[in-house]
Amino acid sequence: MQTVTVNLVSTPAQRGYPIHIGANILAQPELILDYLGQKRVAIVTNTTVGPLYLDKFRADLSVHGIVSVPIVLPDGEEYKNWETLNLIFDALLTHRCERNTPVIALGGGVVGDLAGFAAATYLRGVPFIQVPTTLLAQVDSSVGGKTGINHPLGKNMIGAFYQPQAVMADTSTLDTLPDRELRAGIAEVIKYGLIRDPAFFDWLESHVDALLERDNSMLIEAIERSCQHKAEVVEADERESGMRALLNLGHTFGHAIENAMGYGNWLHGEAVAAGTMLAAEVSRRMGMIDEGEVERIRNLYVKAGLPVIAPNLGPEKYLRLMGLDKKVQGGKMRFILLENIGRAAVHADVPAAILTEVLTECTADA
Ligand code: NAD
Ligand code: GLY
């Protein structure tokens with residue numbers, strides 16, 4: 001087992017937390033016992049992950065005298081909304097969960113974001129533990145404390161920063177993950193190489209096949225390196241006043257794609273891959289990277305089985321949806337662009353003509 005630590009420096013100092021990564025660690029609840037303030041927990045999961053892992057997890061917890069309240073949500077990005085959030089509150093209240101009853105998220109990013117937002121707001125905040133079961137959640141969404149829900153007008157627009165007390169990433173759970181979901185997770189792994197680690201990008205070019213074949217040691221290495229990057233970024237800028245925005249490479253375009261195509265139709269990682277290709281093309285047209293670098297990025301996504309051409313929504317629709325992005329400041333859109341493979345920066349000065357050209361010439365009818 002590997003452990004990466006997130007060391008948050010702002011008060012309260014004890015908010016630092018471990019990310020345990022390894023095969024079969026779900027069967028070791030002793031890893032999280034220290035964070036359970038009472039002998040009762042609420043476990044939030046969904047109708048897909050629940051039947052696979054909930055009973056065993058509850059039984060393993062009960063060996064340590066921990067009683068659990070299961071909360072099983074409908075599965076899907078389209079359920080990441082107020083109605084589903086309220087199902088969690090209904091269950092927490094019905095079972096009289098208290099201020100020190102921890103909420104455990106057992107599932108992918110949707111369960112994690114919903115359960116985290118519920119934990120942040122129920123009784124003004126209860127302890128929260130992430131048990132991510134998708135690659136995407138293990139490398140990204142379970143770490144860093146972004147929680148929330150979608151709004152019909154915009155993706156992830158309602159939420160809270162609320163850090164977990166621990167993260168337990170069991171790579172054995174990836175055995176049951178559908179191929180398409182595994183590929184979507186690889187998109188967020190590639191992101192770390194693109195924004196801050198050229199050597200990791202090189203490594204991914206050579207090892208993406210092993211990740212697709214679910215080689216456990218390669219998966220652990222990719223998850224550990226990704227979590228180290230995420231931890232460093234979050235430690236430096238927990239509330240995204242600066243460098244954390246770089247983790248949004250491809251997301252401004254990607255969130256517009258997810259919203260326009262109907263939540264759940266394009267997976268988050270797929271939209272991020274196609275969105276990153278648009279960001280790369282804007283970067284090239286602004287003279288920051290060359291065609292060879294764009295080609296390398298495209299080739300890696302193609303090798304990972306990810307989409308590289310965004311849907312043609314028309315520039316007006318893209319611009320309208322992107323105008324609701326959380327990075328907009330003073331009404332001005334800001335984009336994460338690539339200055340190299342391995343270096344990204346925030347740009348508020350993208351000429352409208354380049355944006356319109358890219359959104360027209362580099363997209364295709366869906
Ligand atoms: P997801 O949560 O929808 O999970 C994908 C699918 O896999 C679902 O059908 C789920 O039920 C199923 N599943 C999960 N684990 C499984 C397993 N072990 N075996 C079989 N099936 C399994 O999607 P995701 O890709 O994990 O997360 C995407 C979400 O995360 C988006 O809503 C995105 O906005 C959010 N996100 C949040 C952050 C953050 O920092 N909070 C970062 C990135 C993405
Ligand atoms: N996934 C983007 C972030 O955590 O900031």
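What counts, and at which threshold
Each chain has its residues counted from 1, running along the sequence as written. Just so you know, chain letters begin at A and ligand numbers begin at 1, following the order they were written in. Owing to the predicted nature of the model, reporting of local features is limited to residues with pLDDT of at least 70; listing and counting of side-chain atom pairs is limited to 80 or more, with chain, interface and lining totals taken over all residues. Calculation of side-chain values draws on the structure's entire complement of heavy atoms; hydrogens and water are dropped beforehand. Nearness of a residue to a molecule or strand requires only that one of the residue's heavy atoms be within 4 Å of it. Contacts described as polar in this section are N or O atom pairs within 3.5 Å, which, within protein, must combine one atom able to donate a hydrogen with one able to accept it, while residues neighboring in sequence count only if both atoms come from side chains. The Shrake-Rupley method, run with a 1.4 Å probe, gives the accessible areas here. Residue values count only the displayed protein chains as cover. Under the scheme applied here, ten amino acids are nonpolar (Ala, Val, Leu, Ile, Met, Phe, Trp, Tyr, Cys and Pro), four are charged (Asp, Glu, Lys and Arg), and all others, including Gly, are polar. Between any two strands, at least two bridges found by DSSP are needed for them to pair. By the criteria applied, helices consist of DSSP H or I runs no shorter than four residues and strands consist of E runs no shorter than two, each listed in order from the N terminus. By definition here, a helix of n residues has an expected span of 1.5 Å times n minus one. Think of it this way: the bend at a residue is just the angle between two axes, each fitted to seven residues, one set ending at that residue and the other starting at it. The contact criterion used is simple: two residues touch if any of their non-hydrogen atoms lie within 4.5 Å. Think of it in three bands: with a 1.4 Å probe and only protein chains considered, a residue is buried below 20% of the maximum accessible area for its type, exposed above 50%, and partly exposed in between. Working definition: the arc comes from the directions between the helix axis and the C-beta atoms, pointing outward to the latter. UniProt positions are given in the numbering used here, feature names are shortened, and annotations may be inferred rather than shown by experiment. What makes a patch is a set of residues exposed beyond 30% relative accessible area and free of salt bridges, joined within 9 Å when like-charged and within 5 Å when nonpolar (Val, Leu, Ile, Met, Phe, Trp, Tyr). One speaks of a salt bridge when a side-chain nitrogen belonging to Lys or Arg is within 4 Å of a carboxyl oxygen belonging to Asp or Glu. The way it works is a 1 Å grid over only the protein atoms, where trapped points that fit a 1.4 Å probe form a cavity and open points with protein on both sides within 12 Å along at least five of seven lines form a pocket, and then any residue with an atom within 4 Å of a point lines it. Grid points are joined across faces, edges and corners, and a volume is the space filled by probe spheres set on the points. Axes here mean lines fitted to C-alpha atoms, for a helix over just the part in contact, with angles spanning 0 to 180 degrees between N-to-C directions. Take the buried Ala, Val, Leu, Ile, Met, Phe, Trp, Tyr and Cys residues and link them wherever side-chain atoms come within 4.5 Å; each set so joined is a nonpolar core.

Enquirer: Any chance you could explain the site of ligand 2 here in plain terms?
Expert: The local shell around ligand 2 consists of Asp 140, Lys 146, Lys 191, Lys 230, Glu 240, Arg 244 and Leu 247. Residue Asp 140 places a side-chain N or O atom 3.1 Å away from a nitrogen atom belonging to ligand 2. Between ligand 2 and Lys 230 there is a distance of 2.6 Å, counted from an oxygen atom to a side-chain nitrogen or oxygen. Protein contacts shield 90% of the accessible area of ligand 2, which totals 200 Å² for the unbound molecule. Its residues assigned to classes, the shell around ligand 2 comprises one nonpolar, no polar and six charged.

Enquirer: Honestly, the pairing of strand 12 (residues 343-347) in this entry has me stumped. Any pointers?
Expert: Remark: a regular strand shows side chains that alternate across the two faces of the sheet. Note: strand 11 (residues 335-340) against strand 12, five bridges, orientation antiparallel. Bridged to Leu 337 within strand 12 is Ala 345. A loop of two residues connects strand 11 with strand 12, the two strands running antiparallel in sequence, and Gly 342 in this loop sits at a positive phi of about 110°.

Enquirer: So what exactly am I meant to see when it comes to helix 6 (residues 198-212) here?
Expert: In an α-helix, one full turn covers 3.6 residues, which means residues spaced three or four apart are oriented alike. Taking 1.5 Å per residue, 15 residues should reach 21 Å; helix 6 reaches 21 Å between its end C-alpha atoms and fits that length. The sharpest bend along helix 6 comes to roughly 55°, located at Ser 206. Those residues of helix 6 that are buried lie in contact with helix 5 (179-196), helix 7 (216-236) and helix 10 (291-303). Following helix 6 by one or two positions, Arg 214 has its phi on the positive side, about 65°.

Enquirer: Would you take a moment to explain the site of ligand 1 for this structure?
Expert: Within the structure, ligand 1 sits among 28 residues, and Asp 75, Glu 77, Thr 133, Thr 134 and Thr 176 are positioned closest to it. In this structure, Thr 133 approaches ligand 1 through a side-chain N or O atom, which is 2.7 Å from a nitrogen atom. Between Thr 176 and ligand 1, the recorded distance is 2.7 Å, taken from a side-chain N or O atom to a nitrogen atom. In the complex, 91% of the free accessible area of ligand 1, which totals 860 Å², lies under the protein chains. Of all the secondary structure elements, the ones that give two or more residues to the shell around ligand 1 are helix 1 (49-62), helix 3 (109-121), helix 4 (135-141), strand 8 (154-161) and helix 5.

Enquirer: I keep staring at helix 2 (residues 82-94) and nothing clicks. Help me out?
Expert: For helix 2, spanning 13 residues, the distance from its first C-alpha to its last is 18 Å, which sits close to the expected 18 Å at 1.5 Å a residue. Among all positions of helix 2, only Thr 84, Leu 85, Ile 88, Phe 89, Ala 91 and Leu 92 are buried. For helix 2, the arc enclosing every buried residue in end-on projection is 165°, short of the 170-degree limit, so these residues lie on one face. With respect to the buried face of helix 2, the exposed residues turned more than 90 degrees away are Glu 83, Leu 93 and Thr 94. Contact partners of the buried residues in helix 2: strand 3 (40-46), strand 4 (67-73), strand 5 (103-107) and helix 3. By the N-cap criterion, in which a side-chain oxygen at the helix start approaches the backbone nitrogen of a residue two or three places on, helix 2 is capped by Asn 81, the distance to Glu 83 being 3.2 Å. Downstream of helix 2 by one or two residues, Arg 96 has phi in the positive range, about 50°.

Enquirer: Is there a simple way to think about the UniProt feature "domain: 3-dehydroquinate synthase C-terminal" (unreviewed entry) in the protein chain in this case?
Expert: On the UniProt side, "domain: 3-dehydroquinate synthase C-terminal" (unreviewed entry) is annotated at positions that read residues 185-328 here. Spanning residues 185-328, this segment combines 67% helix with 1% strand, and its end C-alpha atoms are found 26 Å apart.

Enquirer: Looking at this model, I keep getting lost on a nonpolar patch on the surface. Mind explaining?
Expert: Taken together, Leu 153, Met 157 and Leu 324 make up a surface patch of nonpolar side chains, about 250 Å² in accessible area. Along the polypeptide, Leu 153 turns up in the loop between strand 7 (146-151) and strand 8.

Enquirer: Honestly, empty space enclosed by the protein in this entry has me stumped. Any pointers?
Expert: This model, assessed by the stated rule, comprises three cavities of 30 Å³ or more. In terms of lining residues, the largest cavity is bounded by 13 residues, among which Gly 154, Lys 155, His 255, Leu 321 and Asp 325 are the most central. Breaking the lining of the largest cavity down by element, the ones donating at least two residues are strand 8, helix 8 (251-260) and helix 11 (315-322). Looking at the lining of the largest cavity residue by residue, the classes come out as six nonpolar, four polar and three charged.

Enquirer: Mind showing me how you'd approach the sheet that holds strand 1 (residues 2-6) here?
Expert: Backbone-to-backbone hydrogen bonds pair the strands of a sheet. The strands run either parallel or antiparallel. One open sheet accounts for seven strands, arranged 1-2-9-6-5-3-4; its pairing is mixed. Bordering the open sheet on either side are strand 1 and strand 4, each of which pairs with just one other strand. With direction set aside, neighbouring strand axes in the sheet form an average angle of 20°. The pairing of strand 3 with strand 4 spans seven bridges and is classified as parallel. Looking at strand 4, one finds that Val 44 is bridged to Ile 71. Across the sheet, helix 2 touches strand 3, strand 4 and strand 5, and the angle it forms with strand 4 is around 155°. Contacts from helix 7 reach strand 1 and strand 2 (17-22) within the one sheet, and its direction differs from that of strand 1 by about 10°.

Enquirer: Please clarify how the environment of Val 167 should be interpreted in this entry.
Expert: Within the secondary structure, Val 167 sits in strand 9 (residues 166-170). Once the C-alpha coordinates of Val 167 and Val 143 are considered, the two residues, 24 residues apart in sequence, prove to be 7.3 Å apart. Residues in contact with Val 167, not counting those within four places in the same chain, are Tyr 17, Pro 18, Ile 19, His 20, Gln 130, Pro 132 and Ser 142.

Enquirer: Looking at this model, I keep getting lost on the nonpolar core. Mind explaining?
Expert: Nonpolar side chains in soluble globular proteins generally cluster together in the buried interior. Membership of the largest hydrophobic core comes to 76 residues, with the highest contact counts inside it found for Leu 135, Ile 190, Leu 194, Phe 253, Ile 297, Tyr 301 and Tyr 318. Not counting chain neighbours up to four residues away, the residues in contact with Leu 135 comprise Leu 174, Leu 177, Leu 182, Gly 185, Ile 186, Val 189, Leu 219 and Ile 223.

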